[in-house]
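What follows is the residue order along each chain.
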Amino acid sequence: MFSMVARKLSISIKDKPWMMKSIQYNFWNNSFRNLLTPSADSNTAALKPFTVVLEETQKQHISKQNNGVKGQCREFLSALLPPSQESLPPRTMEDSLIQALIPIGSCLDVRLQYTSHIGGARLGRLVQDMDNFAAVVVYKYIDNPLQGPEGPSAHAVVTARMDHLHIREDIKNDADIKLVGHVTWVGSSSAEVGVGMEQMEEGVWKKVCEAKFVMVARDAATGTKSAPINPLVVKSEDEKILFKLGKKNIASRAKADQDSLFKEPPSTIESNLIHDMFLSTVDHKVRSFAARVKPENSTWMTDSKLKSVMMCEPEHKNDYNKIFGGLIMEKCIDLAFTNTWVFTGAAQVPVCTHIDDVIFLKAVEIGDLLYFHSQVVFTHETQVQARVSAEVLDRDTKRLKLTNVLQVTFKLPSKVPHVIPQSYHEAMAYLTGRRHFLISLENEGLLAEGMAEKEMTEVSKYTPLWMLKELDTEEHVYNVQDMLGEDTFMEAEITQDIRARESGLLS
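Residues numbered from 1 in each chain as written. Predicted model: local features only at pLDDT ≥ 70, side-chain atom pairs only at ≥ 80, totals over all residues. Heavy atoms only, no water.

1. Topic: the overall build of the protein chain
1) Next: When helices and strands are counted, the protein chain shows 15 helices and 12 strands.
2) Next: Partitioning the intrachain contacts of the protein chain with sequence separation of at least 6 by distance along the chain shows that 77% fall at a separation of at least 24.
3) Next: For the protein chain, the exposed surface amounts to about 25300 Å²; the carbon and sulfur share of it is 53%. (Helix = DSSP H or I, 4+ residues; strand = E, 2+ residues; numbered from the N terminus. Contact = heavy atoms within 4.5 Å. Areas by Shrake-Rupley, 256 points an atom, 1.4 Å probe, with all protein chains shown as cover.)

2. Section: the environment of glutamine 385
1) Next: Mapped onto the secondary structure, glutamine 385 falls in strand E10 (residues 383–393).
2) Next: Separated by 22 residues in sequence, glutamine 385 and glutamine 407 place their C-alpha atoms 7.0 Å apart.
3) Next: Ignoring sequence-local partners within four residues, the contact set of glutamine 385 consists of Gln375, Val376, Val377, Phe378, Gln407, Val408, Thr409, Gly433, His436 and Phe437.
4) Next: In terms of polar contacts, glutamine 385 uses its side chain to reach the side chain of threonine 409, at 2.7 Å. (Polar contact = N/O pair within 3.5 Å; in protein donor to acceptor, adjacent residues only side chain to side chain.)

3. Some words on the nonpolar core
1) Next: Phe213 and Ile355 are the most contacted members of the largest nonpolar core, which has 83 residues in total.
2) Next: Looking at this core element by element, the count peaks at 12 residues for helix H7 (residues 123–141).
3) Next: Counting residues in each nonpolar core, the second largest holds 24 residues, with Met277, Trp300, Ala346 and Phe437 among its members. (Core = buried A, V, L, I, M, F, W, Y, C linked by side-chain atoms within 4.5 Å. Buried < 20%, exposed > 50% of the residue type's maximum accessible area, 1.4 Å probe, protein only.)

4. Observations concerning the environment of valine 416
1) Next: Within the secondary structure layout, valine 416 lies in the loop between strand E11 (400–411) and strand E12 (418–420).
2) Next: Setting aside its immediate chain neighbours within four residues, valine 416 contacts Asn297, Thr344, Thr379, Glu381, Thr382, Gln383 and Val384.

5. As for the pairing of strand E5 (residues 204–219)
1) Next: Note: strand E2 (residues 155–167) against E5, 10 bridges, orientation antiparallel. Looking across to E5, one finds that valine 157 is bridged to alanine 217.
2) Next: Both strand E4 (residues 190–201) and E5 contribute to a ladder of 12 bridges, which runs antiparallel. Note that in E5 the partner of glutamate 192 across the bridge is valine 214. (Pairing = 2+ DSSP bridges.)

6. Points about the pattern of salt bridges
1) Next: Under the definition given, this model contains 13 salt bridges.
2) Next: Between lysine 178 and glutamate 198 there is a salt bridge, with its nearest N and O atoms 3.6 Å apart. Of this pair, lysine 178 sits in strand E3 (residues 177–186) while glutamate 198 sits in strand E4, and the two are 20 residues apart along the sequence. One exposure class covers both lysine 178 and glutamate 198, and it is buried.
3) Next: One salt-bridge network, held together by shared partners, links Glu169, Lys172, Glu201 and Lys206. (Salt bridge = Lys/Arg side-chain N within 4 Å of Asp/Glu carboxyl O.)

7. Brief notes about the packing of aromatic side chains
1) Next: Scanning the model with the defined rule gives 5 aromatic pairs in all.
2) Next: The interplanar angle of 45 degrees and the centroid separation of 5.2 Å between the aromatic rings of phenylalanine 378 and phenylalanine 437 together place this pair among those described as tilted. With phenylalanine 378 in strand E9 (residues 369–380) and phenylalanine 437 in helix H11 (residues 424–443), the pair connects residues that are 59 residues apart, well separated along the chain.
3) Next: On the accessibility criterion, phenylalanine 378 (2% relative accessible area) is buried.
4) Next: Put simply, the rings of Phe337, Trp341 and Phe410 touch in pairs and so form one group of aromatic residues.
5) Next: Note that arginine 125 overlies the ring of tyrosine 114, its terminal NZ or CZ placed 5.0 Å from the centroid. (Phe/Tyr/Trp six-rings, centres within 6.5 Å; stacked < 30°, edge-to-face > 60°. Lys NZ or Arg CZ within 6 Å of the ring centre and 35° of its normal.)

8. Considerations on the packing of helix H3 (residues 50–61) against H7
1) Next: H7 packs onto H3 with a crossing angle of 45 degrees between their chain directions and a minimal axis gap of 10 Å. Taken together, the axes of H3 and H7 lie oblique to each other. Here the hand of the crossing between H3 and H7 comes out left-handed. Judged by residue contacts, Phe50, Val53, Leu54, Thr57 and His61 of H3 engage Asp129, Asn132, Phe133, Val136 and Tyr139 from H7.
2) Next: Among the residues making up the contact of H3 with H7, the classes are represented as 6 nonpolar, 3 polar and 1 charged. (Axes fitted to C-alpha atoms, helices over the stretch in contact; angles between N-to-C directions. Parallel < 35°, antiparallel > 145°, perpendicular 65-115°, else oblique. Left-handed = near helix turned anticlockwise from the far one by under 90°. Nonpolar A, V, L, I, M, F, W, Y, C, P; charged D, E, K, R; others polar.)

9. Some words on the pairing of E4
1) Next: For E4, the buried fraction is high: 10 of the 12 residues fall into the buried class.
2) Next: A loop of 3 residues connects E3 with E4, the two strands running antiparallel in sequence.
3) Next: With antiparallel pairing between neighbouring strands as the criterion, E4 and E5 make up a hairpin whose turn holds 2 residues, including glutamate 202 at a positive phi of roughly 55 degrees.

10. Observations regarding the sheet that holds E3
1) Next: The strand order across the open sheet formed by 10 strands is E1-E3-E4-E5-E2-E8-E11-E10-E9-E7, and the pairing between neighbours is antiparallel. Edge positions in the sheet fall to strand E1 (98–102) and strand E7 (305–311), since each has one partner strand and no second. Neighbour-to-neighbour, the strand axes of the sheet open up by a mean angle of 25 degrees, direction not taken into account.
2) Next: Sheet topology note: the strand E8 (residues 351–360)/E11 ladder contains 7 bridges and is antiparallel. In the strand pairing of E11, valine 351 is matched with lysine 411.
3) Next: Here H7 sits on the sheet in contact with E1, E2, E3, E4, E5 and E8, set at roughly 50 degrees to E3.

11. Observations concerning unusual backbone geometry
1) Next: Phi is positive for asparagine 297, close to 55 degrees, though the residue is something other than glycine.
2) Next: Mapping asparagine 297 onto the fold places it in the loop between helix H9 (268–279) and strand E6 (298–300).

Given below as structure tokens:
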């Protein structure tokens, strides 16, 4: 039986010509990741610090009375809200183009804030800045004729999700960083924003990472209903490509949500993968589904968890009296990193290569108790996929409500332990992690476009390695004729041991 499993999972490379190709794929030449280039006359000396850009945006667009808008202030902001998108003037991508400097190389005080104890820059802190920067881009894009250049905005811009953050280069803590961003797609009240990060190296700006943010506009008076934003006019060929890709991203997100394992069952291939994984870890000598045996260099998924908790204080709030989403992302990324390092037990630190599927499901209030839960859900050779969720404790029901979730990919210099699901919900987490891992490879240019979906629907090399080994069938599988000639009743000690194992797994 195990020989058949191994044969079924083994792939003939000759039958997969696309796997034989050594994909020469320049990530930054891929138009999916390219953004508009700022004018050539923009130099480092002329760049405003990011903190200044953020402060100017807050003073110009965000009402100081947003912390509980009442009475005349509410009526004033409601009167500024445009009735429809058609009433707003069209805007271009260049209208939203902005850049800012994070002087971690030229300012020692700033460097200290961004330096990690393991060396390099703090990724979570930089992602928090990218989230804030995406909001600044949308505020710059919005042009509302009902309000002047000064005064509070009728729009409240918040983050709905972030995805496809790929870290191409190590981010140093001793060189200045530049953020560049603009809208790439616009709906009726939402916009996709591309934010790129560049770092100075030998006098030249070098791209290190980029991410896509989906921002939504709400009415600033109540924050409960959508607010229309300006329609986007696409002019140049580069803008047309970016808009087309942005539209494709929106469709891909909708499809991914529709195909989620929370709504649809796994594919036949994925179901077979989980079943074969289960069979390869069952102790066939004991003849019990609950008797599991870990393969060499592996860990049960249930042992790959790490948790933390945070009390949400007033200092953590954003401009709309909610807990800042960028801070939540930072906490999630830090926990995923720590969990991965503990799981692998490696002397070298994990390097984050990709962050995907950061979803904001529910606003977090001041005073909430926020639980963070990280779990390693998939591993392959030297790479680890970790899922992190943030949940708020409902004081009345004492139940946790999901507010945020994200997937993080790490790479280590040596092979990592296999992670093995034991229960059905762990198997679903494994398959979801595997899907995101394959998507991360495609986004990084390590798989050709469209290959991630192909890998998901076929048994491929991204399969637990121990399942591909030829196993000794005589040692692990009983001969039926021999079983019929034996006393099929187990001794009392064996039965008691099996029940103890089953009780331990179900408790």
